[in-house]
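# Secondary and tertiary structure notes
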Amino acid sequence: MGAGVAEVAAKTGHEVVLRSRKQATADATVAALEKSLAKQVEKGKLEEGDAKETLSRVTPTGHLGDLANCDLVLENVVEDLAVKKDLFSDLDQVCDDHTILATNTSTLPVTELAMATARPDRVCGIHFFNPAPVMTLVEVVRPMTASDETIASARAFAEACGKTAVEVKDQAGFIVNALLFPYLNNAVKLLETGVATRDDIDSAMKGGCGFPMGPLAVLDLVGLDTSLAIIDALYDEFRDPNYAAVPLLRRMVSAGYLGRKSGAGFYDYSKS
Ligand SMILES: NC(=O)c1ccc[n+]([C@@H]2O[C@H](COP(=O)([O-])OP(=O)(O)OC[C@H]3O[C@@H](n4cnc5c(N)ncnc54)[C@H](O)[C@@H]3O)[C@@H](O)[C@H]2O)c1
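The present account deals with the structure reproduced in this document. (Residues numbered from 1 in each chain as written. Predicted model: local features only at pLDDT ≥ 70, side-chain atom pairs only at ≥ 80, totals over all residues. Heavy atoms only, no water.)

## With respect to a nonpolar patch on the surface
Here is the rule: Exposure above 30% relative accessible area and the absence of a salt bridge qualify a residue for a patch, where like charges join within 9 Å and nonpolar side chains (Val, Leu, Ile, Met, Phe, Trp, Tyr) within 5 Å. Residue-level accessible areas treat just the shown protein chains as cover; the underlying method is Shrake-Rupley with a 1.4 Å probe. A pairing counts as a salt bridge when a side-chain nitrogen of Lys or Arg comes within 4 Å of a carboxyl oxygen of Asp or Glu. Every helix listed is a DSSP run of H or I at least four residues long, and every strand listed is a run of E at least two residues long, numbered separately from the N terminus.
On the surface, Val77, Val78 and Val83 cluster together into a nonpolar patch covering about 210 Å² of accessible area. Position of Val83 relative to the elements: it lies in helix H4 (residues 81–94).

## Structural notes on the packing of aromatic side chains
To keep it simple, the criterion reads: Pairing of aromatic rings covers Phe, Tyr and the six-membered ring of Trp, with a centre-to-centre limit of 6.5 Å; geometry is then stacked below 30 degrees between planes, edge-to-face above 60, and tilted otherwise. For each residue, the accessible area found with a 1.4 Å probe, counting protein chains only, is set against the maximum for its type, and the residue is called buried under 20%, exposed over 50%, and partly exposed in between.
Considering all chains together, one arrives at 3 aromatic pairs under this definition. Seen from their ring centres, Phe128 and Phe157 are 6.4 Å apart, and the 70° between their planes marks the pair as edge-to-face. With Phe128 in strand E5 (residues 123–128) and Phe157 in helix H6 (residues 148–160), this residue pair connects regions lying 29 residues apart in the sequence. Exposure class is identical for Phe128 and Phe157. Each is buried.

## Things to note about the environment of Leu219
Counted only if it meets this: Throughout, a contact is declared for two residues whenever any of their heavy atoms are within 4.5 Å.
Assignment of secondary structure puts Leu219 in helix H9 (residues 215–222). As a C-alpha pair, Leu219 and Phe266 span 47 residues in sequence and 8.1 Å in three-dimensional space. Setting aside anything within four residues of it in sequence, one finds Leu219 in contact with Phe181, Leu184, Val188, Leu224, Ser227 and Phe266.

## Remarks on the layout of surface pockets
To keep it simple, the criterion reads: In this analysis the probe radius is 1.4 Å and the grid spacing 1 Å, with only protein atoms considered; a cavity is a set of points the probe fits into but cannot get out of, a pocket is an open set with protein on both sides within 12 Å along at least five of seven lines, and lining residues have an atom within 4 Å of a point. Grid points are joined across faces, edges and corners, and a volume is the space filled by probe spheres set on the points. Lys, Arg, Asp and Glu make up the charged group, whereas Ala, Val, Leu, Ile, Met, Phe, Trp, Tyr, Cys and Pro make up the nonpolar group; the residues left over, Gly among them, are polar.
For the second largest pocket, the calculated volume is near 150 Å³. In terms of lining, the second largest pocket is formed by Glu79, Thr107, Leu108, Pro109, Ala172, Ala229, Asp232, Ala233, Asp236 and Glu237. Grouping the constituent residues of the lining of the second largest pocket by class yields 5 nonpolar, 1 polar and 4 charged.

## Comments concerning unusual backbone geometry
What is expected of a backbone is that most residues other than glycine have negative phi and most peptide bonds are trans. Across the junction of Asn130 and Pro131, the peptide omega takes the value 0°, indicating a cis bond. Examined against the element boundaries, Pro131 turns out to sit in the loop between E5 and strand E6 (137–142). Although it is not a glycine, Phe174 adopts a positive phi angle of roughly 50°. Structurally, Phe174 can be placed in the loop between strand E7 (164–169) and helix H7 (176–192). The backbone of Arg239 sits at a positive phi, close to 50°, despite the residue not being glycine. Relative to the assigned elements, Arg239 resides in the loop between helix H10 (224–238) and helix H11 (247–254). With a relative accessible area of 55%, Arg239 lands in the exposed category.

## Digging into H4
Our working rule: To estimate the expected span of a helix, subtract one from its residue number and multiply by 1.5 Å. What the arc covers is the set of directions going from the helix axis to the C-beta atoms.
Here H4 is 14 residues long and its end C-alpha atoms lie 20 Å apart, about the 20 Å a rise of 1.5 Å per residue gives. Taken as a whole, H4 has its buried residues at Lys84, Leu87, Phe88, Leu91 and Asp92. Taken around the axis of H4, the buried residues stretch over an arc of 140°, which confines them to a single face. Across from the buried face of H4, at angles greater than 90 degrees, the exposed residues are Asp86 and Gln93.

## Here we look at the packing of helix H8 (residues 198–209) against H9
Axes are the key here: two packed helices are described by the angle between their axes and the distance separating the axes. What counts, and what does not: Working convention: axes come from line fits to C-alpha atoms, limited for helices to the stretch in contact. Angles between N-to-C directions cover 0 to 180 degrees. Any angle that falls under 35 degrees is termed roughly parallel, while one over 145 is termed roughly antiparallel, one within 65 to 115 roughly perpendicular, and all others oblique.
Where H8 contacts H9, the two axes come as close as 7 Å, and the packing angle between them is 100°. Relative to H9, the element H8 lies roughly perpendicular. In contact with Arg198, Ile201, Asp202 and Met205 of H8, H9 contributes Pro215, Leu216 and Ala217. For the contact of H8 with H9, the per-class residue count stands at 5 nonpolar, no polar and 2 charged.

## A word on the site of the ligand
Filter applied, for reference: When we say a residue is near a molecule or strand, we mean one of its heavy atoms is within 4 Å of it. Pairs of N or O atoms within 3.5 Å make up the polar contacts considered here, provided that, within protein, one atom can donate a hydrogen while the other can accept it, and that residues adjacent in sequence are counted only when both atoms are side-chain atoms.
By nearness alone, 18 residues border the ligand, and Arg21, Glu79, Lys84, Ser106 and Val222 come closest of all. A distance of 3.3 Å separates an oxygen atom of the ligand from a polar backbone atom of Val77. In the model, an oxygen atom of the ligand is placed 3.3 Å from a nitrogen or oxygen of the Val78 main chain. Of all the secondary-structure elements, those providing two or more residues to the shell around the ligand are H4 and E5. Tallied by class, residues from the shell around the ligand come to 6 nonpolar, 7 polar and 5 charged.

See below:
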């Protein structure tokens, strides 16, 4: 997600500092962006000059301190509350007082991230969707602690990225995932209980509801580990049995079937 959000921000004229834990990973992400931009030029979707300018706006780094002077830091690390809390605490130490610290979490409590800093009024969620360059929505998530100025800045950033912004309170799943993930989880339940095959479940939702992708293909795109973390976070918040992760999903994650990113999930991607 981090790479996609960096692409969107740079394309729309923002200077981006792309930070990974290792310089080599940050460099590789920018190299992948260069390739992707070149493909877009080849297909006539992007002017060559715009691709060059986009790339020139992205500075890869392995140092957290290089984020010090950013107006906005939007983290995209693994969906794990402890990891994100540590990161917010570190960002709070290194970033300038004016910097807004935002998270792209799909469902974790933004208020807890805000309280891991000494600037809870300048922390919020800015939730892009996957793939970020394609999907038009951004959820601006307002924890109880955020100031109106922070939310207005987050909304302005999302709109400057060419996205439609909606505002939502800090509650697990926000709008989209609170509605989407019980549906995806129940699709796995249909598969697990043998009610229908993978292909028939996906075909049914495409043909019957006009959805562009079936639910099992969506889970592979999102990542089964990220999906499980989202479903677990919904269950933690609401304790609703309908939000309890289906055992098959948990077992697939344990076995390393994470979807597209690992080469296999409900579908096999090893040849694509
Ligand atoms: N996958 C989606 O469809 C989707 C959509 C919207 C938002 N998100 C959110 O984006 C975030 C990232 O999700 P993803 O699907 O890209 O996950 P991912 O597992 O593909 O990538 C997470 C990255 O975080 C890195 N990482 C782990 N610990 C780190 C740390 N301490 N510091 C820096 N980097 C660290 C990992 O090396 C990895 O590159 C999550 O919060 C997720 O909820 C994901």
